[in-house]
Amino acid sequence: MRMLRNNTVKENITGYLFILPQMIVFLAFLVYPILEGMRLSLYRINYQNEKFVGLDNYMTLFHDPVFFKALFNTVIFVIFIVILTVGFALFVASAVFDKNAKYVSFIRGSYYIPVMVSMVVMSMVWSFLLNPANGLISFLARDSGLGNINLLGNTKTVLPIIIFVTFATNVGQAIILYIAAMIGVPKDLFEAAEIDGANRWQVIRKILIPSVQPSTVYITIINIIAVLKIFVVIQLLTGGGPNNSSVTLMYYLYNNAFKYNQLGTASAVGVIMFIITLLLSVPQLRTMLKAK
């Protein structure tokens, strides 16, 4: 019994040694920055010293209308981009997953190309297309007799444009994941549904969507995190304008940290973003764990 216990301890130690490098990286680059950000959010910081101010940084945020505008825009981005990504990716994946292998590979490659391209490059491409002076979209509008249009300079159209650009750039990853999950669904289920006379829509609703629920949870969580960190598109296309109509929490954090040198306030924004991520992600994880 004692020898068996010693072998178990040795096996556990070996396992811990294998995961130790990853744990060190996790603690150093994820856990520590989160804890340090929480600490800094309680201080007023300049280049020489730190002064403890308690919750003053949070009070400053709650009295700033730009912060609430950034919070509202971020929530809008999360809701619409997640819904569009999940819905469109499910539609495409369920339409092609059982087709010819070469056709499926072509579809996956076509949608995944924007994911492989840098977000900076994609933003520059869209900036050229949407440029009101000499962009392709403006040229086509003038050629059609619609006059000059400035979609990024209009407070009513800037949010839909940013949502579409972000969605179009990132949806390929969700399509790849859904196709892989649907290919892995047991063929017996489809054969049974065919015998029962189920049509395509019933197969999708009763078999495919429940079978890929773990993928849906994963895609939802990674998109929530990605949208909360949205910055490059805002920086290159609008700079938060017009009139703060497209400012997000990440862009607001960037301005406070690197433009206004309000590191404590920026840290408070980071803490709030972390809490929002938990509130949005934990229910999804609990749903997945209950399903298992």
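Structure shown above.
Below is a summary of the structure that appears in this document. Please read all numbers here as calculations on a predicted model, not as lab measurements.

Scanning the protein chain for helices and strands turns up 13 helices and two strands. The C-alpha radius of gyration computed for the protein chain amounts to 24 Å, which surpasses the reference 19 Å derived for 292 residues by more than 25%, pointing to a less compact arrangement than a globule. Viewed in the frame of its principal axes, the protein chain has a C-alpha envelope of about 75 × 65 × 30 Å. Going through the 292 residues of the protein chain one by one, you find that 36% of them count as buried.

Attention shifts here to unusual backbone geometry. Residue Pro 242 follows Gly 241 across a cis peptide bond; omega there is -5°. Here Pro 242 shows up in the loop between helix 11 (232-237) and helix 12 (249-259). Even without being a glycine, Asn 243 presents a positive backbone phi close to 55°. You can call Asn 243 exposed: its relative accessible area is 69%.

Looking now at the pattern of salt bridges. Tallied over the full model, the rule gives two salt bridges. For the salt bridge of Glu 36 with Arg 39, the shortest nitrogen-to-oxygen distance reads 2.7 Å. One end of the pair is Glu 36 and the other is Arg 39, both in helix 1 (residues 2-40) and three residues apart, which spans about a single turn. For Arg 39, a relative accessible area of 30% puts it in the partly exposed group. One salt bridge in this structure joins Glu 50 and Arg 39, with 3.1 Å as the shortest N-O distance. Taken together, the residues Glu 50 in strand 2 (residues 50-52) and Arg 39 in helix 1 connect sequence positions eleven residues apart. You can call Glu 50 partly exposed: its relative accessible area is 41%. Through salt bridges with shared partners, one network takes in Glu 36, Arg 39 and Glu 50.

So, how was this worked out
Every chain's residues receive numbers from 1 upward, in the order its sequence appears when written. Since the coordinates come from a predicted model, pLDDT governs what is reported: local features require at least 70, and pairs of side-chain atoms require 80 or more to be given and counted, while whole-chain, interface and lining totals use all residues. As a convention, hydrogens and water are excluded, and side-chain values are obtained from all of the structure's heavy atoms. Counting from the N terminus, the helices are the DSSP runs of H or I reaching at least four residues and the strands are the DSSP runs of E reaching at least two. Throughout, the radius of gyration refers to the C-alpha atoms, and the reference size of a globule is 2.2 Å times the residue count to the power 0.38. Exposure is judged per residue with a 1.4 Å probe applied to protein chains only, and the accessible area is read against the type maximum: over 50% gives exposed, under 20% gives buried, and values in between give partly exposed. What makes a salt bridge here is a side-chain nitrogen of Lys or Arg within 4 Å of a carboxyl oxygen of Asp or Glu, nothing more.

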